[in-house]
Amino acid sequence: MDSLVVIIYLAAMVGFGVWGRFKAHNQEDFLVAGRRLGGLLYTGTMSAVVLGGASTIGGVGLGYTAGLSGMWLVFAIGLGIIALSLFFAPKIQKLEIYTVSQMLELRYGKGSRFVSGAIMTAYGLMISTTSTVAYATVFHALFDLNKVWSVLIGGGIVILYSMLGGMWSITLTDFVQFFIQTIGIFLIMLPIVLSKSGGISELFSSLPESHTSPVGIGWEAILGYILIYTLGLLIGQDIWQRVFTARSPGVARWGGFSAGVYCLLYAVAGALIGMAATKIVPGIEVQDDVFVAVVDASMSPVLAGFVLAAALAAMMSTASGSLMAASTVCRQDIVEPILARKDIVPERGDGVGAGAGAKDTATDGSDASASASGISGSESGLESGSGAKSTLVRSLVRETGDEIRDSRIYLIVLGVVTLVLAMIMPSVVEALTVAYNLLVAGLFIPILGGLVFKRGTIVGVMAGMILGAATTIVVMIVAGIYANEAIYLGLIASLVGYLVGSFASKPTSPEVMAAWKERITR
């Protein structure tokens, strides 16, 4: 019966993917859901994308081993969403772009897009791979499939509904998954396991103080979670791409804030479930096995099926969102800019040239400046060495005539890469740690600096990215992948490189800064 419930859920996801197919009419629909999500849809999809396997399976496992303080991994994610939403999301939403790397190019000028895009693509692939491995373990437990078939079937479903309608399909499935998660975790699993363990008062009185303290894991571990996950959530492409879907700065701020609060509650719920599991299924050695074990031990087949569907919802929503993020960045910030280098044309004083060429390329029915997200405005004022102005046509979004088709191709290809990585990767936890470390150490300072520090330059960005990433890699090699020193020293090196490089170089050109200011203040 539990398997039947999960099969119905999976069929429904494909159905919502088909529905999204009819809502995606152009590239903006496919990549950012037309930038028109309201508060309810936005809150649901933002919550679903950040609460994946690590938050659900991992959060319960941490509650089992560390007690109430096991909430800090997911709690740090919630803090990151709240900080992003209150302080940066309204500004980000106004940019009307598609990727984080495009923000760097708009703010600083050309030079950083390929490197930052490569880091973001690797990060998205690792997040998607980790989620794929997580839901493959559920498929293995439910249907007795080996790892290869579990990955192929689960991953195939995610790729299918994601590529059908892009962000519209993902938004619709995410909202349903958010609904299922809420019922499965808060209304079914949490009350049942607390009741089975004797109630919350009995549970707390029977556990040692270290398991009932909110800081039992120690401040060093808590700081590590905040540095990696809170800061990582502030700059991740998968998160920013959801911000781009909001229809207004207000939706981006308050819808995101609501999602962050939901994450905080989810963190506490996961920790409490893990604590209760110590009484229901004691003696489990592998913490990631706790979730399924406590479901089997405390619920009827129908309820167990719904809760397992909730866990799958958490994992698959993160996998699809990360896959969309990786494919978007790979296409727009790595491959397409290389192909678009052939499209450099002179801009004459009469307005003919780059501007006209850009207008001619808007083939999906949208205005060229809207589809290209306007970097041409900041570049059209840049003087070449001879004094003539030049513009790289479609330098943000290279129009090909069928952007949805091309986006689907990239999504499918990177989806296949994700499936291969999920089958062969010996330790996805290590890979995920490396990805987050490089993301935060390499990009956090340049991105934050672009939003708050006017003197930052492209030289500072490159110095910060290279020094931060290189320092993190060296420390991980010397001290180990899980050493907190890697992120500490990486951030310090990135900050030093960013500041020294910025002050040692000429300020960003007034034309670029004027275009940036106009965009974020409109």
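Remember, predicted model here, so these are calculated numbers, not experimental data.

How each quantity is defined
- All residue numbers refer to positions counted from 1 along the written sequence of the respective chain.
- A pLDDT threshold of at least 70 governs which residues receive local features in this predicted model, and a stricter bar of 80 or more applies before side-chain atom pairs are shown or counted, although totals over entire chains, interfaces and linings include all residues.
- To obtain the side-chain values, all non-hydrogen atoms of the structure were used and water was disregarded.
- The definitions used throughout rest on a 1 Å grid laid over the protein atoms alone, on which a cavity is an enclosed set of points accommodating a 1.4 Å probe that cannot get out and a pocket is an open set flanked by protein within 12 Å on both sides along at least five of seven lines; lining residues are those having an atom within 4 Å of a point.
- Grid points are joined across faces, edges and corners, and a volume is the space filled by probe spheres set on the points.
- Helix numbering and strand numbering both begin at the N terminus, where a helix is a DSSP run of H or I of at least 4 residues and a strand a DSSP run of E of at least 2.
- The buried label applies to any residue whose accessible area, calculated with a 1.4 Å probe on protein chains only, is under 20% of its type's maximum; exposed applies above 50%, and partly exposed to all values in between.
- It is the directions from the helix axis to the C-beta atoms whose arc is reported.
- By definition in these notes, contact holds between two residues if any of their heavy atoms fall within 4.5 Å.
- One speaks of a salt bridge when a side-chain nitrogen belonging to Lys or Arg is within 4 Å of a carboxyl oxygen belonging to Asp or Glu.
- Residue count minus one, scaled by 1.5 Å, sets the expected span of a helix.
- Bend, in this description, refers to the angle at a residue between axes fitted to the seven residues ending there and the seven starting there.
- Two N or O atoms form a polar contact when they lie within 3.5 Å of each other; inside protein one atom must be a possible hydrogen donor and the other a possible acceptor, and for residues adjacent in sequence the pair counts only when both atoms belong to side chains.
- Stacked, tilted and edge-to-face are the three classes assigned to paired rings of Phe, Tyr and Trp, where Trp is represented by its six-membered ring and a pair needs centres within 6.5 Å; plane angles under 30 degrees give stacked, over 60 edge-to-face, the rest tilted.
- We call a charge positioned over a ring when the NZ of a Lys or the CZ of an Arg lies within 6 Å of the ring centre and within 35 degrees of the ring normal.
- Side-chain atoms within 4.5 Å are what join buried Ala, Val, Leu, Ile, Met, Phe, Trp, Tyr and Cys residues into a set we call a nonpolar core.
- Patch construction takes residues with relative accessible area above 30% that form no salt bridge. Like charges are linked within 9 Å, and nonpolar side chains (Val, Leu, Ile, Met, Phe, Trp, Tyr) are linked within 5 Å.
- Values of accessible area rely on a 1.4 Å probe in the Shrake-Rupley scheme; residue burial ignores everything except the protein chains shown.

1. A closer look at empty space enclosed by the protein
Where empty space is left becomes clear once a probe the size of a water molecule has been rolled over the atoms.
Consideration 1: Under the defined criterion, the tally for this structure stands at five cavities of 30 Å³ or more.
Consideration 2: Volume-wise, the largest cavity comes out at about 50 Å³.
Consideration 3: Forming the boundary of the largest cavity are L84, F88, L234, I235, W240, F444, I447, L448 and L451.
Consideration 4: Sorting the residues of the lining of the largest cavity by element identifies α5 (72-94), α12 (219-235) and α21 (428-452) as the ones contributing at least two each.
Consideration 5: Sort the elements by how many residues they give to the lining of the largest cavity and α21 lands first, with four residues.

2. Examining helix α15 (residues 290-298)
Consideration 1: Of the residues making up α15, those classed as buried are V290, F291, V294, V295 and S298. Around the axis of α15, the buried residues are gathered within 130° of arc, so they sit on the same side.
Consideration 2: Those residues of α15 that are buried lie in contact with α4 (53-66), α9 (167-196), α14 (249-280) and α16 (301-340).

3. Focus on the pattern of salt bridges
Once the charged atoms of two side chains with opposite charge are near each other, the side chains can pair.
Consideration 1: All told, the structure shown has eight salt bridges when counted by the stated rule.
Consideration 2: When the shortest N-O distance is used, the salt bridge between E105 and K110 registers 3.4 Å.
Consideration 3: The partner of R405 in a salt bridge is D406, with the nearest N and O atoms 2.8 Å apart.
Consideration 4: Classification of R405 by relative accessible area gives partly exposed; the value is 41%.
Consideration 5: Given the relative accessible area of 9%, D406 is considered buried.
Consideration 6: Here the salt bridges share partners, and the residues they tie into one network are E105, K110, R113 and D333.

4. Description of α4
Consideration 1: In a regular helix each residue adds 1.5 Å, so 14 residues correspond to 20 Å; α4 covers 18 Å between its end C-alpha atoms and thus fits that length.
Consideration 2: Where α4 bends most, the angle comes to about 30°, and this point is G59.
Consideration 3: Summarising burial for α4: 12 of the 14 residues are buried, a large majority.
Consideration 4: Count one or two residues on from α4 and you reach G67, which has phi positive near 80°.

5. With respect to the side chain of E105
Consideration 1: Structurally, E105 can be placed in helix α6 (residues 100-108).
Consideration 2: We classify E105 as buried; its relative accessible area is 4%.
Consideration 3: A polar atom in the side chain of E105 sits 3.4 Å from the side chain of K110.

6. Thoughts on unusual backbone geometry
Consideration 1: Unusually for a residue other than glycine, E96 sits at a positive phi of about 55°.
Consideration 2: Turning to its location among the elements, E96 is positioned in the loop between α5 and α6.
Consideration 3: The backbone of D144 shows a phi angle near 55°, a positive value even though the residue is not glycine.
Consideration 4: As for its position among the elements, D144 is in the loop between α7 (113-143) and α8 (147-165).
Consideration 5: A residue is classified by how much of its surface remains accessible, and D144, at 66% relative accessible area, is exposed.

7. So, the packing of aromatic side chains
Pairs of aromatic rings are described using the distance from one ring centre to the other and the angle between the two planes.
Consideration 1: The full count for this structure, using the stated rule, is 17 aromatic pairs.
Consideration 2: On the basis of an interplanar angle of 85° and a centroid distance of 6.4 Å, the ring pair of Y108 and Y498 is categorised as edge-to-face. Residue Y108 is found in helix α6, and its partner Y498 is found in helix α23 (residues 485-503); the two are separated by 390 residues along the sequence.
Consideration 3: Arranged with centres 5.9 Å apart and planes meeting at 80°, the rings of W254 and F257 form a pair that is edge-to-face. Remark: F257 and W254 occur in helix α14; sequence separation between them is three residues, near one turn of the helix.
Consideration 4: Taking NZ or CZ as reference, K23 lies 4.5 Å from the ring centre of W168, over its face.
Consideration 5: The aromatic ring of Y98 is capped on one face by R35, whose charged end is 4.9 Å from the ring centroid.

8. Quick look at the nonpolar core
Consideration 1: Grouped together as the largest cluster of nonpolar side chains are 157 residues, with contacts concentrated most on M189 and F291.
Consideration 2: Looking at this core element by element, the count peaks at 17 residues for α16.
Consideration 3: In this structure, F291 is in contact with T56, I57, V60, I185, M189, V307, L308 and A311, ignoring residues within four places of it in sequence.

9. As for the side chain of T121
Consideration 1: Examined against the element boundaries, T121 turns out to sit in helix α7.
Consideration 2: Of the residues examined, T121 reaches a relative accessible area of 8% and is grouped as buried.
Consideration 3: Every residue in contact with T121, bar those within four places of it in the chain, is listed here: A326, V329, C330 and I334.

10. So, a nonpolar patch on the surface
Consideration 1: Together, V148, W149, L152 and I153 make up a nonpolar patch on the protein surface, roughly 350 Å² of accessible area in all.
Consideration 2: When its relative accessible area of 35% is taken as the criterion, I153 is described as partly exposed.

11. Description of the environment of A486
Consideration 1: If you trace the backbone, A486 turns up in helix α23.
Consideration 2: Taking the relative accessible area as the measure of exposure, A486 reaches 0% and is therefore buried.
Consideration 3: Distance in space between the C-alpha atoms of A486 and M476 is 5.8 Å, their sequence separation being 10 residues.
Consideration 4: The residues touching A486, leaving out its near neighbours within four places in the chain, are N437, T472, V475 and M476.

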